[in-house]
Amino acid sequence: MMPAIGAVGVGLLLALMVALVPNAISDLVTLVQDPVKPESSLLKPKVMIAILARNAAHSLPHYLGCIDRLDYPKERIAIWAATDHNVDNTTAMLREWLKRAQSLYHYVEWRPMEDPRSYTDEWGPKHWPPSRFNHVMKLRQAALKAARERWADYILFADSDNLLTNPQVLNLLMAENLTLVAPMLESRSLYSNFWCGITPQGYYKRTPDYQPIREWKRLGCFPVPMVHSTFLLDLRRDASRDLAFYPPHPDYSWAFDDIMVFAFSARQADVQMYLCNREHYGFLPVPLKAQQNVDDESESFIHTITEAMIEHDIEASQYLHSPPSSQEKMGFDEIFLINLKRRQDRRTRMLNTMASLGVHATLTAAVDGKALNTSQLQALGIEMMPDYKDPYSGRVLTRGEIGCFLSHHSTWIQVVERGLQKILVLEDDVRFEPRFKRRLQAIMDDIDKAQLDWDLIYVGRKRMQVQQPERSVDGVNNLVEADYSYWTLGYALSQQGARKLLDAQPFTRMLPVDEFLPVMFNKHPNADYMSHFEPRDLKAFSVEPLLIYPTHYTGEPGYISDTETSTIWDDEAVATDWDRQHARKTAQQDSIRPVAQNSVTGDSPPPAARASRDEL
């Protein structure tokens, strides 16, 4: 037998094993340890957000609200903010936000400049003279320098009127793993924050690539020669060290413009700019002309807010006191907003939108067609017009359409019972054109001055007669005599008009309300329908161009119809939710041939809802 090994011998044996087999002892130890715990997650990259604000009091509350809602650890974000040459309250507002929110962020740098309030060589606050470009380029360069000195991994430049409505925008852009990338921002036109073409001198060049990207017909991240307004720069990339806003590159000899100078710098540093449209990231306003002012800019930005509200919850920053804006009725005795009780999302959006517009609306509960039963219809004496059929589907009247008719009918009753002289009726699924309030007020003022005898004025509609132009109204800008039209998105109604509609007693021969109205002004193409009503002397007009449009059309994401998706009027067991892709009544307005285009005097900007404007 082998002799027993003493304690000293065991120690020598272990020492020998370590010397001869270095990993042997660690293997032995691992066998008796607890299970190995996983490594902790990495901290998010450090980001500096550069805020440059001038005369931005109108946009800061919602702009900063979007910054607040970014889904990114605030302790990994630094804020670099500068403001200068203001004629409004921008400095005080930005200071208040920084003071109240700075404890949330890793670091805050504040660069206010109280005076002067304007540049000596500028025509106005929207004019960009060389001195302004020079100052802005220096500020952007100072922000870039601060980010590098603070060892930030990224810097996000975001103009103070850009609304980053997607809280994931930072995470999404970082995931693209690109040196310089911009999220595609939306506007009321084709304008966005990128170019697809550029001339040898650095100016914009029209290309066929732009529109398919802007309209999401091509999706992805695309190499482009220019991004601006909002973009993310990865400072960890070696090539980023050669990027600069100021001074311009020694070889740069073109226009003194910050975005052109930076784009040239990127090309010289072999840094490719990218534009991503995989997601919807946010909104930006269309640039104004040099002669416009801060009030024009504020009015333009209101439209940007209302567009963003269609799909997003846009609230002002909680760290900034924003007094409620004054609201008025634009000269109407009442503005009725028709809304189904179960459509709280639409109600909230519309009330917020109206508040942004400075318009006071009175909620009126819509009649829910889905809740109507046969006994209720009988009690109201409702009968469908004989032989009525939907012109597209061939189906009979739906209970949703009856509910819609009753909802509008209740506003007509209020006009007469309360002695209201003129009202505005709005449905809850509409979007507003730029300068809606000012433009509608101007039209109504012209109508009063011209002493026009009117009953109903469409503010939004679908024009169905497209073979010839409608007659313009002498002495009133932007108004035509209405021909056959669909939709009751919004209309003005006089007391005289309300009485005519009620006197027609439509319940005993009901058809959809947007078919009934053209019957009453004698413009419906179906003579049989019109034969049921006498007189048909409603004096109907329409604003031109239109001031409101639907938020969604047939087949678009988010499209919901409470009139089309229902049951037929006399049998609640028969549903009417047919293929919405072919529900043409709620489809977008068909194109109108040039010979049939309406011609009016007055301000006629292209419709923002579906404008095919130049990208610049």
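Keep in mind it's a predicted model, so treat the numbers as computed, not measured.

A. Structural detail: the overall build of the protein chain. Regarding its fold elements, the protein chain presents 16 helices and 23 strands. Here the protein chain, with 616 residues, has 54% of them falling under the buried criterion. Once local pairs closer than 6 in sequence are excluded, the contacts in the protein chain between residues at least 24 apart make up 79%. As displayed, the protein chain offers around 28800 Å² of accessible surface, 52% of which is attributable to carbon and sulfur atoms.

B. Local environment of the state of the cysteines. Following the criterion strictly, the structure yields one disulfide and no others. Here Cys221 connects covalently by a disulfide to Cys276, the sulfurs 1.5 Å from one another. You can see Cys221 sitting in strand 8 (residues 221-224) and its partner Cys276 sitting in strand 11 (residues 273-276), a full 55 residues away along the chain. Neither Cys221 nor Cys276 differs from the other in exposure class; each is buried.

C. Spotlight on the pattern of salt bridges. Applying the stated rule across the entire model yields 31 salt bridges. Where Asp428 meets Arg346, a salt bridge forms, and the shortest distance between an N and an O atom there is 3.3 Å. Residue Asp428 is located in the loop between strand 15 (422-427) and strand 16 (430-432), and its partner Arg346 is located in helix 10 (residues 344-357); the two are separated by 82 residues in the primary sequence. You'll find Asp428 and Arg346 in the same group, each marked buried. Note that Asp390 is salt-bridged to Arg395, the shortest N-O span being 3.5 Å. Across the pair, Arg395 and Asp390 agree in class, each one buried. Among the charged side chains, a network of salt bridges with common partners joins Arg140, Asp159 and Asp258.

D. Molecular detail of the sheet that holds strand 15. Taken together, the seven strands give an open sheet; going across it, the order is 14-13-15-19-17-20-18, and neighbouring strands pair in mixed fashion. Unpaired on one side and paired on the other, strand 14 (362-365) and strand 18 (479-481) mark the two borders of the sheet. For this sheet, the mean inter-axis angle between neighbouring strands, taken without regard to orientation, is 35°. Note: strand 17 (residues 456-463) against strand 20 (residues 540-543), three bridges, orientation parallel. Counted as the bridge partner of Tyr458 is Ser542 from strand 20.

E. Just the packing of aromatic side chains, in detail. Overall, the coordinates contain 20 aromatic pairs when judged by the stated rule. Ring geometry for Phe405 versus Trp412: centroids 5.9 Å apart, planes at 70°, classification edge-to-face. Each of the two residues, Phe405 as well as Trp412, counts as buried. Three or more aromatic residues joined by ring pairs form one cluster here, namely Phe157, Phe231, Phe245 and Phe262.

F. Just helix 3 (residues 60-68), in detail. Of all nine residues making up helix 3, nine are buried, and the element is well covered by its neighbours. Listed as buried for helix 3 are Leu60, Pro61, His62, Tyr63, Leu64, Gly65, Cys66, Ile67 and Asp68. Next to the buried residues of helix 3 lie strand 1 (47-53), helix 4 (90-101), strand 4 (154-158) and helix 9 (294-309).

G. Examining the side chain of His409 more closely. Along the polypeptide, His409 turns up in helix 12 (residues 399-418). Judged by its relative accessible area of 11%, His409 is buried. If we ignore the near neighbours within four places in the chain, the residues touching His409 are Leu502 and Phe507.

H. Representation of the confidence of the model for the protein chain within the structure. This prediction gives the protein chain a mean pLDDT of 88; 85% of its residues lie at or above 70. Within the model, the stretch residues 10-21 combines pLDDT values under 50 with five contacts to residues more than four positions away or in other chains. Contacts from residues 578-582, a stretch scored under 50 in pLDDT, to residues over four places away or in other chains number 11 contacts.

I. Summary view of helix 4. Helix length check: helix 4, at 12 residues, gives a terminal C-alpha distance of 16 Å against a target of 16 Å (1.5 Å per residue), a fit within 8%. Taken together, the buried residues of helix 4 touch strand 1, helix 3, strand 2 (77-84) and strand 3 (107-113).

J. Structural context of unusual backbone geometry. Looking along the chain, the bond that leaves Asp115 and enters Pro116 is cis, with omega of 0°. As for its placement among the helices and strands, Pro116 is situated in the loop between strand 3 and helix 5 (130-149). Its identity is not glycine, yet Met330 carries a phi of approximately 55°, on the positive side. Relative to the helices and strands, Met330 resides in the loop between helix 9 and strand 13 (334-339). Phi angles above zero are rare outside glycine, and Gln505 is one such case at about 45°. Structurally, Gln505 is set in the loop between helix 14 (495-503) and helix 15 (513-520). For Gln505, a relative accessible area of 57% puts it in the exposed group.

K. Layout of the pairing of strand 20. Residues of strand 20 alternate between two faces, with Ala540 and Ser542 on one and Phe541 and Val543 on the opposite face, all of them buried. Judged from the three bridges that link them, strand 18 and strand 20 form a sheet pairing that is antiparallel. By the bridge assignment, Glu481 is partnered in strand 20 with Phe541.

L. Inspection of the sheet that holds strand 10 (residues 230-234) at higher detail. Spatial strand order, 3-2-1-4-10-5-11-8: eight strands in an open sheet with mixed pairing. Bordering the open sheet on either side are strand 3 and strand 8, each of which pairs with just one other strand. Within the sheet, the average angular offset between the axes of one strand and its neighbour, ignoring direction, is 20°. For strand 1 and strand 2, the ladder comprises seven bridges, and the chain directions are parallel. The residue bridging Val47 from the neighbouring strand is Ile77, located in strand 2. Helix 4 contacts strand 1, strand 2 and strand 3 of the sheet and is inclined by roughly 165° relative to strand 2.

Calculation notes
- Sequence positions are assigned chain by chain, starting from 1 and proceeding in written order.
- For this predicted model, a pLDDT threshold of at least 70 governs which residues receive local features, and a threshold of 80 or more governs which side-chain atom pairs are given and counted, while totals over whole chains, interfaces and linings are taken from all residues.
- The side-chain quantities take in all heavy atoms of the structure and omit both hydrogens and water.
- Here a helix means four or more residues in a row that DSSP labels H or I, a strand means two or more in a row labelled E, and each is numbered from the N terminus.
- Only protein chains enter the accessibility calculation, which uses a 1.4 Å probe. A residue is then buried if its area is under 20% of the maximum for its type, exposed if over 50%, and partly exposed in between.
- Contacts are assigned to residue pairs with any non-hydrogen atoms lying within 4.5 Å of each other.
- Working definition of accessibility: Shrake-Rupley area with a 1.4 Å probe, residue cover restricted to the visible protein chains.
- By disulfide we mean two sulfur atoms from cysteines, separated by a distance within 2.5 Å.
- Note on definitions: salt bridges are taken to be side-chain nitrogens of Lys or Arg within 4 Å of carboxyl oxygens of Asp or Glu.
- Two strands pair if DSSP finds at least two bridges between them.
- Simply put, an axis is a line fit to the C-alpha atoms, just over the touching stretch for a helix, and the angle between two N-to-C directions goes from 0 to 180 degrees.
- Here a pair means two rings of Phe, Tyr or Trp (six-membered ring of Trp) with centres within 6.5 Å. Their orientation is stacked below 30 degrees between planes, edge-to-face above 60, and tilted elsewhere.
- In predicted models, pLDDT denotes the confidence assigned by the predictor to each residue on a 0 to 100 scale.
- One less than the number of residues in a helix, times 1.5 Å, gives the span that helix is expected to have.

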